[in-house]
Amino acid sequence: MASLSVKPGQRFTMPDWQNNSILISADAEQQRFNSHHIRQEGRALRNETGNQAKWDEHNSRTRLKDRITTVDRWREALAKCLTEIDLEIDALTKVKEAAENAIQAKNLCLDVAIECLTFRESRRDIDVVRDPVEEELLKEVKVIEKTKKELQQRVDDAFKQLCLLKEARQQLSCDHRHKVEALELDRQCVSFNPTSGNISFKVNPTRIPDGTTALHEWETNSKRNKENAEAELRASVDLRGAITLSIAQTNNELDAQRIATEFALRKRIRDMEGALSELRWQEQNTLEEIAEMEEEIRRLEEDIRKRTLDLKVAHTRLETRTYRPHIELCRDQAQYGLTDEVQQLEGIIRALQQKRTESQDALDALYRQLHRIQTDIGYKTNSLQLDNKCMETRKKLVIPVEKFDPEVDAVNRTRNLPRNSQLELA
């Protein structure tokens, strides 16, 4: 007869089967949820990192452009300064040559004066006399030799200034060349993008190369080079003016000396009047400051008095509260507050007293300065009266000093001299 075939092994119940299906479904849903969460996190990360990368690239590009603008501005300033130095070197060279020619031209004047003196040495007997002619000839020789010495000194100064200008130009040229190279590299950096064919990974790109300088050192170096060049330019302009003026003065000889003295005296009077005006202005301001300082000291003393009274009140309150009986003698908030108040008031009074001392010292210094100013006003008033008397006396010379008043042309950096003072080079 047939038998029932039974599969060997464990038999599960229907609830187990149902629970297994439910568990599989639950696990599938959980895995899908986890996968969805990870996908969302990945999308957020991609958005965040993409935005951050774009912002960082934009920020770097902006900084590069700003740096290019800054360096280009300095490049233009240095280029302009280089042009001015080149013009000044050319102008100073011409003035130096003019001074050398003026020295050469004075040789003929000196030879003539010496020859005249030699001729007069042939005089005999009573005619060998120190007459005004000889005195004027000797004076002429002295003036010419002095003039040549001054002009030679100007030539030496011009040579030294030319060396300084060329040295400054060398520094500017080197700095300008370096900035041009830096601009080319930074502009190349701005042109880079992810599709550029010449981009690649580099070994340790964030390293600090040898010779790297700080930004303030770079700015200081650029400013120093420019300021040094401008200082040498100003010195050269002043020197050219002095050389031109010296050349013009040599043709006027004694008249030029008198005119120069007249000009210096007028200038001294103007300076003296200006100094007196400044001193009177300082005197008035000092008097006003003294009045304000005295008022401030009065107010400080009044505040010290008031704060002292406040401190007495706080001390009295603290001392009075020490007589509270038994358990009432506790360190309550009022006690802490009064203690803090005493400490604050003591600090305030010390600060006010210190400030009063400083103010009194400042007031004493103001009084000393006022005395010094008033004494100097007396000295300068007396000097101005003496200079005005000199001017009245010098009117006997009847030399129009205005025709010799040189003016500096700030545009062309030259001096405008009177026509009759121009040197005629031989």
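Residues numbered from 1 in each chain as written. Predicted model: local features only at pLDDT ≥ 70, side-chain atom pairs only at ≥ 80, totals over all residues. Heavy atoms only, no water.

### Some remarks on the overall build of the protein
The helix and strand inventory of the protein stands at 5 helices and 2 strands. In the protein, the order of α-helices and β-strands from amino to carboxyl end is α-α-α-α-α-β-β. Residue burial in the protein is summarised as follows: out of 426 residues, 25% are buried. For the protein, the exposed surface amounts to about 30,500 Å²; the carbon and sulfur share of it is 54%. (Helix = DSSP H or I, 4+ residues; strand = E, 2+ residues; numbered from the N terminus. Buried < 20%, exposed > 50% of the residue type's maximum accessible area, 1.4 Å probe, protein only. Areas by Shrake-Rupley, 256 points an atom, 1.4 Å probe, with all protein chains shown as cover.)

### Examining the nonpolar core
I85, L92, L172, A229, I243 and I247 are the most contacted members of the largest nonpolar core, which totals 22 residues. Elements supplying a minimum of two residues to this core: α1 (14-120), α2 (132-191) and α3 (215-250). Looking at which element gives the most residues to this core, the answer is α1, with 10 residues. Beyond its immediate chain neighbours, meaning those up to four positions away, L172 contacts L78, C81, L82, I85, N225, K226 and A229. The next biggest cluster of nonpolar side chains, apart from the first, holds 7 residues, and it includes L311, L318, L338 and I349. (Core = buried A, V, L, I, M, F, W, Y, C linked by side-chain atoms within 4.5 Å. Contact = heavy atoms within 4.5 Å.)

### Focus on unusual backbone geometry
Phi angles above zero are rare outside glycine, and N204 is one such case at about 50°. Residue placement: N204 occurs in the loop between α2 and α3. With relative accessibility at 45%, the residue N204 sits in the partly exposed group.

### Description of the UniProt feature "coiled-coil region" (unreviewed entry) in the protein
The positions UniProt marks with the feature "coiled-coil region" (unreviewed entry) are residues 134-161, 276-310 and 342-369. Taken end to end, residues 342-369 is 100% helix and 0% strand, and its two terminal C-alpha atoms sit 40 Å from one another. (UniProt positions renumbered as here; feature names shortened; annotations may be inferred.)

### Some words on the pattern of salt bridges
Pairing is possible between side chains that carry opposite charge, provided their charged atoms lie close to one another. Under the counting rule described, the total for this entry stands at 18 salt bridges. Across the salt bridge formed by R75 and E76, the nearest N and O atoms sit 3.9 Å from each other. Overall, R75 belongs to the partly exposed group, its relative accessible area being 23%. Two residues, R324 and D332, come together in a salt bridge whose shortest N-O distance is 3.4 Å. Residue D332 is classed as partly exposed on the basis of its relative accessible area of 22%. (Salt bridge = Lys/Arg side-chain N within 4 Å of Asp/Glu carboxyl O.)

### Comments concerning the packing of aromatic side chains
Counted by the stated rule, this structure contains 0 aromatic pairs. The lysine or arginine in question, R67, covers the ring of W218, its NZ or CZ lying 3.8 Å from the ring centre. (Phe/Tyr/Trp six-rings, centres within 6.5 Å; stacked < 30°, edge-to-face > 60°. Lys NZ or Arg CZ within 6 Å of the ring centre and 35° of its normal.)

### Structural notes on the confidence of the model for the protein
Across the protein, the average pLDDT comes to 78, with 76% of residues at or above 70. Predicted confidence in the protein is weakest over strand β1 (residues 407-409), with a mean pLDDT of 40, and strongest over α3, with 87. Confidence drops under pLDDT 50 across residues 123-129; counting only partners more than four residues distant or on other chains, this segment forms 5 contacts. The low-confidence segment residues 396-426, where pLDDT is below 50, has 59 contacts with residues more than four positions distant or belonging to other chains. (pLDDT = per-residue confidence, 0-100.)

### Description of the side chain of S246
Positionally, S246 belongs in helix α3. A polar atom in the side chain of S246 sits 3.4 Å from the side chain of R154. Other than its neighbours up to four places away in sequence, S246 contacts L151 and R154. (Polar contact = N/O pair within 3.5 Å; in protein donor to acceptor, adjacent residues only side chain to side chain.)

### A short note on the side chain of K179
Mapped onto the fold, K179 is located in helix α2. Assessed through its relative accessible area of 3%, K179 is described here as buried. For K179, the side chain forms a polar contact with the side chain of S222, separated by 2.8 Å.

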